[in-house]
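# Chains, contacts and geometry: an overview
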Amino acid sequence: MSEYNSKYPEYNPNAIEKKWQKVWDDNKTFHSEVDKTKKKYYPLVEFPYPSGQGLHVGHPRPYTALDIVARKRRLEGYSVMYPMGFDAFGLPTENYAIKNKIHPAKVTEENIKNFKEQLKSIGFSFDWDREVNTTDPEYYKWTQWIFIQLYKHGLAYKNEMSVNWCPSCQVGLANEEVVDGKCERCGTEVVHKMKNQWMLKITEYADRLIDDLDEVDYEDRIKAQQINWIGRSKGANVNFNIKDTEDKLTVYTTRPDTIFGVSYMVISPEHPILEVYKKKISNYNEVTAYQEEARKKSDFERAELNKDKTGVRLDGLSAINPLSGEEIPIWVSDYVLMSYGTGAIMAVPAHDTRDYEFAKEFDMPIVQVYETEDSEELPLTDINKGKSINSEFLNGLSATEAKQKAIEYIEEKKLGEATTNFKLRDWVFSRQRYWGEPIPMVYCEEHGWVPVDESELPIMLPEVETYEPTATGESPLSEIDEFVNTICPICGKPAKRETDTMPQWAGSSWYYLRYMDPHNSKAIASKEALNYYSPVDWYNGGMEHTTLHLLYSRFWHKFLYDLGIVPTKEPYKKRTSHGMILGEDHQKMSKSRGNVVNPDDIIRDYGADTLRCYEMFIGDFTSTAIWSDEGVRGCRKYLERVYNMIDLIGQGEGYSKNLEVTIHQTIKKVSEDFENLKFNTAIASLMTLSNEMRSQASITKDDFKTYIILLNPVAPHMTEELWKMAGFEGMLNEAAWPKYDDSKLSLDEFEMPVQVNGKMRGKVMMSMDASKDDAIEAAKSDNNIASHIENKEIRKIIYVPGKILNIVVG
Ligand code: ANZ
């Protein structure tokens, strides 16, 4: 079989990779169609924002991971749809366009072209016929359509409200876009501004967004973040009468069982009751001065950083504890936020840290209403093991019992009611910028806000000269008369278009649906496509998108489910997250630090397969990893060694006897590890197997074939080339994923160590369950061992099957 021993050309990834990429492209190898004879599989990665910087090495990490899963699934016989697209609206492009006076659409087009070339050069098995681009009018037509449905169902409304405003980007931000009181994008301190904004009622779905997490397979840390972000809290609204008035102050409390420990109340500086009773409050000027101070602080500063408690006691206004009948003072303090609960609290300093700090500062009484055996210290906040005291009918009860009983009592006496609160706020959906989807609404003097007729969609972004935000903070669209002036869809009289655009999160909230049927002009996607491809089987993306994109898209999906448009309650069956890749200096890669690695350079110098292999081998997929050029070179060397293994192919059918067990073990390990995000250990076991193969004088065609199929998802170009070089039939991408045989996972023979009088005298091949007699027989057949027992009396034999034989002679 001399043809297999012939000299092959040296490993030249640049030539091999270009060649196979063209073959895949020409043959549409990875194109998917609805095929009811096969089970579908839909892996999804977050589509990139096509920035001017191009792809960085962080992108290929998740893309390669799910490319591995996609390629493996195809070999397992699934109909796989692995799509890619571009999330192209957004500020950086707009800012670049402003600075360089190029239309954002043009900038986007160029960036996408560049990104696409880069993605193709890495050899991902994306179905490029399904590419989507959120800035394409044929795409955003449907984003606008969904908005109209939301409006028609009462889930979109306009509201004058205080918004987070970034003075630098000149744009309103959602809570999710404010990090530590600063703009997520540019880091500028966010201020508050009153604006009329479109809002989406995500809060109406808050319960379902938590409860339905039971039905999906998300990493625990992802579920936990979603639950915390939504922040469901169960408690009660309790009414406190304001002394000598008809009015009540309603508080929200999660601990109605501590009501006998209330020694004062606190209301937020923005609480409307202050205005109502300003004549009764004798120190009102102190109150207004305090309100002025509070206005300067963000909610974050007030809630999270508020260490030193401040406040003003209202003179002339007090409240009555509804359970004890006691008169208690009312304070104003900024640690109580108007945006949560009712904006008023009952203070229980013995059992709440914030109330305790406040009571200490202002010398208010502290009444303990729980005691535990092991702690005397106040505030006593962990009262789950405690017993209620000083609380009349609650005395002696545990916290759970007392809470239950207090709520029952409060409801029965009509003093309040059980309530659930959420930290989640409605989604601020207006942006005063150019490069986004126009919100398809019209304002008519007579009919108010009216959605445009659906037949008019898409409402196209008009061509403009400049995209700068206006000095007033209005969208640049507001200065284009031809855009603004329209007619009312109801009465036909002159009306004005909404000039705000949608946030970048809009287009990405439903893109996974468009992939299913990207060219449909009549609907988001056909019923057939939706029924076949739904839901996404495995969605991988960044942890930073857990509270924004993931929540928003689950919300839209549930809404579309309620309308009967999508067939599943949840969009994504499984969600995982990858870790970030840091530079060699252990810092986040950034231009200014000069530690950015460009994937193009790695591909040019080492090849795409090396890049892919290294990105998967770099470390635990879910954790942060540090880039190392040394590691890249190691992966390249490994691939070269595998490439050269083709020279080892010799005679023989089936697996080589010496390799059989390791091959079955490796099939099992690689198959399982690829499913469990353990790409690095899968590659490690492939490396071990290749070392074993290379230590043989020759290997069989089948040894080699299985090896390259297992490696194919990681290094698809080289393995496809080797497939052809070895003369295997068809293409590797049409082969079948190898199966392992359970019975062949361990050796039935092993090298048994033999000791004579406790000294190691040799090793013999033995079956694992050989009898004692067979073991002795085998030992005697070894010359060296035999020489140590010859002519001696065997006194004792210690034999542990599968382990060792010890012969004691005298
Ligand atoms: C009395 C009490 C006693 C409370 C106790 C806690 C512990 P979560 O779990 O986050 O929902 N609170 C209510 N509204 C507030 C507001 N607008 N600003 C600041 N604090 C507010 O927290 C609910 C608890 O936070 C409520 O229960 C209330 O204090 C406070 F031992 O009432 B509690």
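These figures come from a predicted structure and were not determined experimentally.

The secondary structure content of the protein amounts to 25 helices and 33 strands. Here the C-alpha coordinates of the protein stretch approximately 115 × 75 × 50 Å along the principal axes. By residue count, 56% of the 810 residues in the protein fall in the buried class. For the protein, restricting intrachain contacts to residue pairs at least 6 apart in sequence, the fraction spanning at least 24 positions comes to 73%. Taken as a whole, the protein presents about 36200 Å² of accessible surface, with 47% of it coming from carbon and sulfur.

Okay, the domain arrangement of the protein next. As far as domains go, the protein holds domain 1 (144–227 + 427–504), domain 2 (232–422), domain 3 (588–744) and domain 4 (749–809). Distance between the C-alpha centres of domain 1 and domain 4: 81 Å.

With numbering matched to this structure, UniProt assigns "binding site: ATP" (unreviewed entry) to Lys591. With respect to the helices, strands and loops of the structure, Lys591 is situated in the loop between strand 28 (581–582) and helix 17 (599–606). You can call Lys591 exposed: its relative accessible area is 68%. If we ignore the near neighbours within four places in the chain, the residues touching Lys591 are Gln53 and Val596.

Note that the residue after Leu457, namely Pro458, is joined by a cis bond; omega there is 0°. Note on placement: Pro458 falls in the loop between strand 23 (448–451) and helix 13 (481–484). The residue after Ser534, namely Pro535, is reached through a cis peptide bond having omega -10°. On the secondary structure map, Pro535 appears in the loop between helix 15 (527–533) and strand 26 (538–540).

Our next topic: the site of the ligand. What surrounds the ligand is a group of 17 residues, the closest being Ser233, Thr253, Leu337, Tyr340 and Lys423. At 2.7 Å from an oxygen atom of the ligand is found a side-chain nitrogen or oxygen belonging to Ser233. Relative to its unbound accessible surface of 650 Å², the ligand loses 86% to contact with the protein. Listing elements by their share of the shell around the ligand, those giving two or more residues are strand 13 (248–253) and strand 17 (344–347). The residue inventory of the shell around the ligand, partitioned by class, reads eight nonpolar, five polar and four charged.

Moving on: helix 22 (residues 701–711). Of all 11 residues in helix 22, eight are buried, a share of seventy percent or more. Among the residues of helix 22, Asp703, Phe704, Thr706, Tyr707, Ile708, Ile709, Leu710 and Leu711 are the ones counted as buried.

Another point: a negative patch on the surface. A cluster of acidic residues, Glu371, Glu373, Asp374, Glu376 and Asp382, forms a negative patch at the surface. Here Glu371 is to be found in strand 18 (residues 370–371). Take Glu371: its relative accessible area is 39%, and that puts it in the partly exposed class.

In the structure shown here, the tally under the stated rule is 47 salt bridges. Among the ionic pairs, Arg232 bridges to Asp207, the shortest N-O distance being 2.5 Å. In this pair, Arg232 sits in strand 12 (residues 232–242) while Asp207 sits in helix 6 (residues 206–211), placing the two residues 25 residues apart along the sequence. Looking at Arg232, the relative accessible area reads 28%, which means it is partly exposed. Using a relative accessible area of 36% as the deciding quantity, one classes Asp207 as partly exposed.

Looking at where His788 falls in the secondary structure, it is placed in helix 25 (residues 783–789). Given the relative accessible area of 22%, His788 is considered partly exposed. Along the primary structure His788 and Asn757 are separated by 31 residues, whereas in three dimensions their C-alpha atoms are 9.4 Å apart. Filtering out sequence-adjacent residues up to four positions away, His788 remains in contact with Val756, Arg761 and Val809.

It is worth spelling out the sheet that holds strand 21 (residues 427–428) at this point. Pairing is antiparallel in the open sheet, where four strands are placed in the order 7-6-10-21. Each having just a single partner strand, strand 7 (171–173) and strand 21 make up the two edges of the open sheet. Summarising the sheet, strand 6 (residues 156–166) and strand 10 (residues 191–200) pair through 10 bridges and their orientation is antiparallel. Residue pairing across strands places Ser162 opposite Met194, the latter belonging to strand 10.

As a further point, take the confidence of the model for the protein. For the protein, per-residue confidence averages 94 on the pLDDT scale, and 99% of positions sit at 70 or higher. Confidence drops under pLDDT 50 across residues 1–6; counting only partners more than four residues distant or on other chains, this segment forms 10 contacts.

The N-to-C vectors of helix 18 (residues 608–617) and helix 21 (residues 679–694) enclose an angle of 115°; their axes lie 7 Å apart at closest approach. Between helix 18, through Cys613, Met616 and Phe617, and helix 21, the contact on the second element is made entirely by Phe679, Asn680, Ile683, Ala684 and Met687. When grouped by side-chain class, the residues that make up the contact of helix 18 with helix 21 number seven nonpolar, one polar and no charged.

A word on the side chain of His271. Topologically, His271 is positioned in the loop between strand 14 (264–267) and helix 8 (273–276). Residue contacts for His271: discarding those within four places in its chain leaves Leu249, Met338, Thr342, Gly343 and Ala344.

Moving on to the nonpolar core. Residues Trp556, Trp627, Tyr638, Phe704 and Leu711 are the most contacted members of the largest nonpolar core, which totals 171 residues. Sorting elements by how many residues they give to this core places helix 5 (residues 137–152) first, with eight residues. Built from parts of two domains, this core gets at least three residues from each of domain 1 (144–227 + 427–504) and domain 3 (588–744). Ignoring anything within four residues of it in the chain, the contact list for Phe704 reads Val642, Met645, Ile646, Ile649, Ile699, Leu722, Ala726 and Phe728.

Pairing of strand 6 with strand 7 involves three bridges; the strand directions are antiparallel. Each bridged residue has a counterpart across the sheet, and for Trp165 the counterpart in strand 7 is Gly172. Hairpin connection, strand 6 to strand 7: the antiparallel pair is bridged by four residues, and Gln170 has positive phi, about 50°.

UniProt's entry tags residues 47–190 with the feature "domain: Methionyl/Leucyl tRNA synthetase" (unreviewed entry), counted in the numbering of this structure. This span, residues 47–190, is 42% helix and 17% strand, and a straight line between its end C-alpha atoms measures 28 Å.

Bringing the pairing of strand 23 into the picture now. In terms of strand pairing, strand 22 (residues 441–444) meets strand 23 through four bridges, oriented antiparallel. Directly across from Met441, in strand 23, lies its bridge partner Pro451. What sits between strand 22 and strand 23 in their antiparallel hairpin is a turn of three residues.

Pairing in this open sheet of four strands is mixed, and the strands run 31-30-33-32 from one edge to the other. With one partner strand each, in any of the chains shown, strand 31 (759–767) and strand 32 (794–800) form the two edges of the open sheet. Averaged over all neighbouring strand pairs, the angle between strand axes comes to 20°, with direction disregarded.

A few words on helix 11 (residues 353–362). Three or more residues of helix 11 are buried, namely Asp355, Tyr356, Phe358 and Ala359. The buried residues of helix 11 occupy an angular sector of 165° when the element is viewed end-on, so they sit on one face. The exposed set on the far side of helix 11, more than 90 degrees from its buried face, consists of Lys360 and Glu361. Tucked inside the fold, the buried residues of helix 11 contact strand 14, strand 16 (327–332) and strand 17. Measuring from the side-chain oxygen of the N-cap residue of helix 11 to the backbone nitrogen of Arg354 gives 3.0 Å; that N-cap residue is Asp352.

Conventions we followed
- Residues numbered from 1 in each chain as written.
- Predicted model: local features only at pLDDT ≥ 70, side-chain atom pairs only at ≥ 80, totals over all residues.
- Heavy atoms only, no water.
- Helix = DSSP H or I, 4+ residues; strand = E, 2+ residues; numbered from the N terminus.
- Buried < 20%, exposed > 50% of the residue type's maximum accessible area, 1.4 Å probe, protein only.
- Contact = heavy atoms within 4.5 Å.
- Areas by Shrake-Rupley, 256 points an atom, 1.4 Å probe, with all protein chains shown as cover.
- Domains from an automatic or database assignment.
- UniProt positions renumbered as here; feature names shortened; annotations may be inferred.
- Near = heavy atom within 4 Å.
- Polar contact = N/O pair within 3.5 Å; in protein donor to acceptor, adjacent residues only side chain to side chain.
- Nonpolar A, V, L, I, M, F, W, Y, C, P; charged D, E, K, R; others polar.
- Patch = residues over 30% accessible without salt bridge, like charges linked within 9 Å, V, L, I, M, F, W, Y side chains within 5 Å.
- Salt bridge = Lys/Arg side-chain N within 4 Å of Asp/Glu carboxyl O.
- Lys, Arg positive; Asp, Glu negative; His and termini not counted.
- Charge placed at Lys NZ, Arg CZ, Asp CG, Glu CD.
- Pairing = 2+ DSSP bridges.
- pLDDT = per-residue confidence, 0-100.
- Axes fitted to C-alpha atoms, helices over the stretch in contact; angles between N-to-C directions.
- Core = buried A, V, L, I, M, F, W, Y, C linked by side-chain atoms within 4.5 Å.
- Arc of directions from axis to C-beta.

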